[in-house]
Amino acid sequence: MSKRGLQATWNFHESGHGKGVPDGVGGTLKRTANDLVLRGKDITSAKSFVESIQEQESLVMQYEVAKEHIAEKTRLLASQNLKAVPGTFKLHQIRTSICGEIWYRDVSCTCVESCSEYGHNWKKAVLIVNSKHVQEKDREDSKLKGKIPEESGSKKSEEDKEAKTKYKKSCDHQEPDGYVPKGSDSSTREAFFLKTLNDLASCISVDEDSLQIFPRDISQKEFFELTPVRIGADGNCLPYTGSVFAFGDQKRAEEIRVRKIIEQTIFKDYYLDHDYLKRGTNNSYTNNALSKTYAMYSDEYIPNERLFLRKLEMVYQKEVMKITKNRSYMGIWQLFSLSSILCRPLFSVYPMLGNPNVRNELHRVILPSQNIGLETSYVMWTTTRTDINETNWVPNHFVAALKIENEISENIREPEQMADKSVGNVHLNEVHDKNI
């Protein structure tokens, strides 16, 4: 790549953190192979797999990597004096354009290369000692020049340090002291809520990418009042969103996760009951169609597998077990449990992109098991990916859509369509004062 002036970026995500085009291509190939086996075809090796698929005149280009090729690369690596990269299990993004040298960081972000957000700093690792490619000339010619942080002690490093300190000061507000105690008078509760709103207003930022795809078929009033805000994209996005609704910040995501696990474990029958899941939507479904449909959206579901009641329960149980792990991606079942633990309706906002049938099933109101009269909160399905178009769009991220009255950039919402832009205050949906 260094000879051709190219650079590569590799992002490492948690298991189940969204699916992309390669998943669909791989699934098609595997289903084709399964059909061939069912018709009596023997596929016993990678070579026979490639040959069998090619016989079906598949448009997918396939290349066999033979044992000889692997052995050759193994010998090549063995001849090099390779150095290990420290903190391998923590890194989430790698970038390189020079042979034997990489830049890496602990977050996977699509921000600009000069981004100085806290935690987005790049680190350098030289993998091949004494490699002739790791020279100053290559570094000057590299496309990474000017885009990645310089060595420690440089002017850029000092700027990053200053930005980090500024970021921490802006968001290091005092955390509320636990829940509002039961039996507190109205003035105490009001003070707690006002503090929550002020804390949120001081650190909130608009998610511009999600704002651009916010669906217009929501009522006009809600379209202009609601704005998607930035939520952490490390796999905990839905717990972060629930924490924002309940407490005004993202600090109590772990508590939200635990309560969702408890909710879905104790009330399993609710989340597998068609009539319970249907509440809040006017769509017509056949018996148990909705619970089966939601099971098919789970990463635990095996495509083309028939969902009998026992199999449906197994998929659900695996889904609950999966979310016990930190940074595990969540879906529609977890939106239902979030609605119940917050005791408020949720609107599942799905952009007008991708498969319209999927949107028809996920763009809806979700009612809690116990509704105590709180107004509806809005959770938006969105994505952090930039390599998909409107047709093959799939979500891999959740954000909260809050009521914000401020000036939105003209290239997103036209001036003549803007509502009152003179107010710059944040209005968070009423924070629930029940000890959830």
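On a predicted model such as this, the values are computed, not experimentally measured, just so you know.

Novice: Mind showing me how you'd approach the overall build of the protein here?
Specialist: Scanning the protein from terminus to terminus reveals 16 helices and 10 strands. Split into buried and exposed, the 436 residues of the protein put 40% on the buried side. As displayed, the protein has an accessible area near 25200 Å², and 51% of this comes from carbon and sulfur atoms.

Novice: Looking at this structure, how should I read the sheet that holds strand β4 (residues 123-126)?
Specialist: Strands in a sheet are paired, the pairing made by backbone hydrogen bonds, and the direction either parallel or antiparallel. Strand order in the open sheet formed by four strands is β1-β2-β3-β4, with antiparallel pairing between adjacent strands. The sheet is open, and its two borders are formed by β1 (8-11) and β4, each paired with just one other strand. Neighbouring strand axes in the sheet, compared pairwise and without regard to direction, differ in orientation by 25° on average. Pairing geometry for β1 and strand β2 (residues 93-98), over four bridges, is antiparallel. What sits directly across from N11, in β2, is Q93.

Novice: How do you make sense of the confidence of the model for the protein when you look at a structure like this?
Specialist: Where the model shows low pLDDT, its predicted coordinates should not be examined in detail. Averaged over every residue, the pLDDT of the protein is 76; the share at 70 or more is 69%. Low pLDDT, under 50, characterises residues 167-179; the stretch is placed with 25 contacts to residues that sit more than four places away or in other chains. Below pLDDT 50 for its whole length, residues 406-436 participates in 80 contacts with residues either more than four positions away or in separate chains.

Novice: Can you walk me through the pairing of strand β3 (residues 101-105) in this structure?
Specialist: The side chains of a regular strand alternate between the sheet's two faces. Of all the five residues making up β3, five are buried; the element is thus mostly covered by neighbouring parts of the structure. Going residue by residue along β3, you find E101, W103 and R105 tucked away on one face and I102 and Y104 tucked away on the opposite face as well. Where β2 lies against β3, four bridges are found, and the strand directions are antiparallel. Bridge assignment links I94 to a residue of β3, and that residue is Y104. Pairing of β3 with β4, which is carried by four bridges, proceeds in the antiparallel orientation. If you follow E101 over to β4, its bridge partner there is V126.

Novice: Help me understand a nonpolar patch on the surface in this model?
Specialist: A surface patch of nonpolar side chains, amounting to about 460 Å² of accessible area, comprises V258, I262, I266, F267 and Y270. A total of three residues in the nonpolar patch trace back to one element, the largest contributor, which is helix α10 (residues 253-266). Within the secondary structure layout, F267 lies in the loop between α10 and α11 (268-271). For F267, a relative accessible area of 35% translates into the label partly exposed.

Novice: So what exactly am I meant to see when it comes to the packing of aromatic side chains here?
Specialist: Under the defined criterion, the tally for this structure stands at 10 aromatic pairs. Between Y350 and W381 the ring centres are 5.9 Å apart and the planes differ by 55°, which places this aromatic pair in the tilted class. With Y350 in the loop between β6 (346-349) and α16 (356-362) and W381 in strand β8 (residues 377-382), this residue pair connects regions lying 31 residues apart in the sequence. A centroid spacing of 5.6 Å and a plane angle of 85° characterise the contact between Y350 and W393, whose relative ring orientation is edge-to-face. Highlighted residues: Y350 in the loop between β6 and α16 and W393 in the loop between β8 and β9 (397-404), separated in sequence by 43 residues.

Novice: I would appreciate a short explanation of the packing of helix α9 (residues 237-247) against α10 in the present structure.
Specialist: Axes are the key here: two packed helices are described by the angle between their axes and the distance separating the axes. The N-to-C vectors of α9 and α10 enclose an angle of 105°; their axes lie 8 Å apart at closest approach. Taken together, the axes of α9 and α10 lie roughly perpendicular to each other. Each of L238, P239, Y240, G242, S243 and F247 in α9 lies in contact with α10, whose residues at this interface are A253, E255, I256, R257 and K260.

Novice: Can you help me understand the nonpolar core in this one?
Specialist: Soluble globular proteins: nonpolar side chains tend toward being buried together. Formed by 59 residues in total, the largest nonpolar core has its most connected members in W333 and L335. The residues touching W333, leaving out its near neighbours within four places in the chain, are Q264, Y271, L272, L277, S291, Y294, A295, V315, Y316 and E319. Core analysis: the next-biggest nonpolar cluster, separate from the first, contains six residues, V85, I94, Y104 and A125 among them.

Novice: Before we go on, may I ask you to explain helix α1 (residues 21-38) in this structure?
Specialist: Since the α-helix advances by 3.6 residues per turn, residues separated by three or four positions end up pointing in the same direction. With 18 residues, α1 ought to run about 26 Å at 1.5 Å a step, and its terminal C-alpha atoms sit 26 Å apart, in line with that. Among the residues making up α1, those that are buried are G27, L29, A33 and L36. Of the surrounding secondary structure, the elements contacted by the buried residues of α1 are α2 (46-55). One or two positions beyond α1, positive phi appears at G40, with a value near 105°.

Parameters at a glance
Residues numbered from 1 in each chain as written. Predicted model: local features only at pLDDT ≥ 70, side-chain atom pairs only at ≥ 80, totals over all residues. Heavy atoms only, no water. Helix = DSSP H or I, 4+ residues; strand = E, 2+ residues; numbered from the N terminus. Buried < 20%, exposed > 50% of the residue type's maximum accessible area, 1.4 Å probe, protein only. Areas by Shrake-Rupley, 256 points an atom, 1.4 Å probe, with all protein chains shown as cover. Pairing = 2+ DSSP bridges. Axes fitted to C-alpha atoms, helices over the stretch in contact; angles between N-to-C directions. pLDDT = per-residue confidence, 0-100. Contact = heavy atoms within 4.5 Å. Patch = residues over 30% accessible without salt bridge, like charges linked within 9 Å, V, L, I, M, F, W, Y side chains within 5 Å. Salt bridge = Lys/Arg side-chain N within 4 Å of Asp/Glu carboxyl O. Phe/Tyr/Trp six-rings, centres within 6.5 Å; stacked < 30°, edge-to-face > 60°. Parallel < 35°, antiparallel > 145°, perpendicular 65-115°, else oblique. Core = buried A, V, L, I, M, F, W, Y, C linked by side-chain atoms within 4.5 Å. Expected span 1.5 Å × (residues − 1).

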